[in-house]
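# Chain and residue survey
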Amino acid sequence: MINNDVFKVDNAGSNKSGPPKINIKKLGIVSHDYRYKDDNGLSDFSYTFTGILNYLDNKGCNSVLFALFTIIRRNDFKIENSLKGLKNIELVFIEEFKEESNGIKSRYVVYYKLGSDWHECVLKQWFGTLKNTHKFFNESITPFINEVRTQRLFGNFTILLCGESNIVKYSKASESIEDPFNYLKEIPINIKVILNPIHDRMTRFEMKLKRKFLSEKDRWVVSVWNKGKKDKNGKVKDGNRPAWTVFNNGNEIKLEKIDDCSISSKSNIEIGFLELS
């Protein structure tokens, strides 16, 4: 069952006990092309969500990271039904979202298992780009850093949602990545993984430099996104490789997608494994 009372972090960061100290051991990484629509006209992961989890559970994964825009929130799809019976998976990272008249409303959820019960930790994305203003610092950077300190340090991992990776910035003057808000000072040495789920592929050159920088001191940085977004000219810029990057200790690791299961062989689904030593 999902026990929402044991651990629930709302947007105000009201939880006092802190996040669960569960470690990522073997991570399943999942992306898709959201131009694909299922029989109900939906372009999220719901039509194969249970199958993906069961496959990765059988492969011994204890954690699963999906690209953002994961599940459309609706009454006829219950996340807890897909979590029942999992033997190895104890962490599932997804974004639940819904299109409304005034835009997309979403929440980021870490589903985690303690004993036989599943619980949820709810986070929000604080920003996508950085603004050099006192107001932005007070309203976004300061509460974000506080949330990192109090709510985002799990067992051996932390989370940067999409454009929050802009907490570090590229300096044209030094032609290098800098950490002006001392984000990395908040990350203790036991945090070995930074998860960076993304909505769409980020093509600016400095994004890889930022991931490389964040992975220094023997950390892993795992970014995964959806394929299918078109630019203003209607061209899709997905690239030829799987929809993720993995960096470790300043080096990019070429993690190939797997081709040995019926789920990942579908043209719109990509799955990879990352096993930590």
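Relevant structure appears above.
Counting from 1, residues in each chain are numbered in the order their sequence is written. Per-residue local features are limited, in this predicted model, to residues with pLDDT of at least 70; the limit for side-chain atom pairs, both in listing and counting, is 80 or more; totals at the level of whole chains, interfaces and linings are taken over all residues. Values shown for side chains rest on all heavy atoms present in the structure; no hydrogens or waters enter the calculation.

### Quick look at the environment of Lys237
Segments assigned H or I by DSSP are reported as helices when at least four residues long, segments assigned E as strands when at least two residues long, and all are numbered from the N terminus. For Lys237, the position within the fold is in the loop between strand E11 (220–226) and strand E12 (244–248). It is 23 Å that separates the C-alpha atoms of Lys237 and Tyr170, two residues lying 67 residues apart in sequence.

### Section: unusual backbone geometry
Located in the positive-phi region is Phe69, a residue other than glycine, with phi close to 55°. Inspection of the secondary structure puts Phe69 in the loop between strand E2 (63–66) and strand E3 (71–72). Taking relative accessible area as the criterion, Phe69 reaches 18% and is therefore assigned buried. Positive phi outside glycine occurs at Asp218, with the angle close to 65°. Along the chain, Asp218 turns up in the loop between helix H4 (206–214) and E11. Each residue is placed in one exposure class: buried if its accessible area under a 1.4 Å probe, protein chains only, is under 20% of its type's maximum, exposed if it is over 50%, and partly exposed if it falls in between. Since its relative accessible area comes to 42%, Asp218 is described here as partly exposed.

### Overview of the pattern of salt bridges
Think of a salt bridge as a Lys or Arg side-chain nitrogen and an Asp or Glu carboxyl oxygen that are within 4 Å of each other. Inspection of every chain in the model, using the stated rule, returns 18 salt bridges. Close ionic contact of Asp44 with Arg74 constitutes a salt bridge, the shortest N to O distance being 3.2 Å. With Asp44 in the loop between strand E1 (26–32) and helix H1 (49–58) and Arg74 in the loop between E3 and helix H2 (79–83), this pair connects stretches of sequence that are 30 residues apart. Overall, Arg74 belongs to the partly exposed group, its relative accessible area being 23%.

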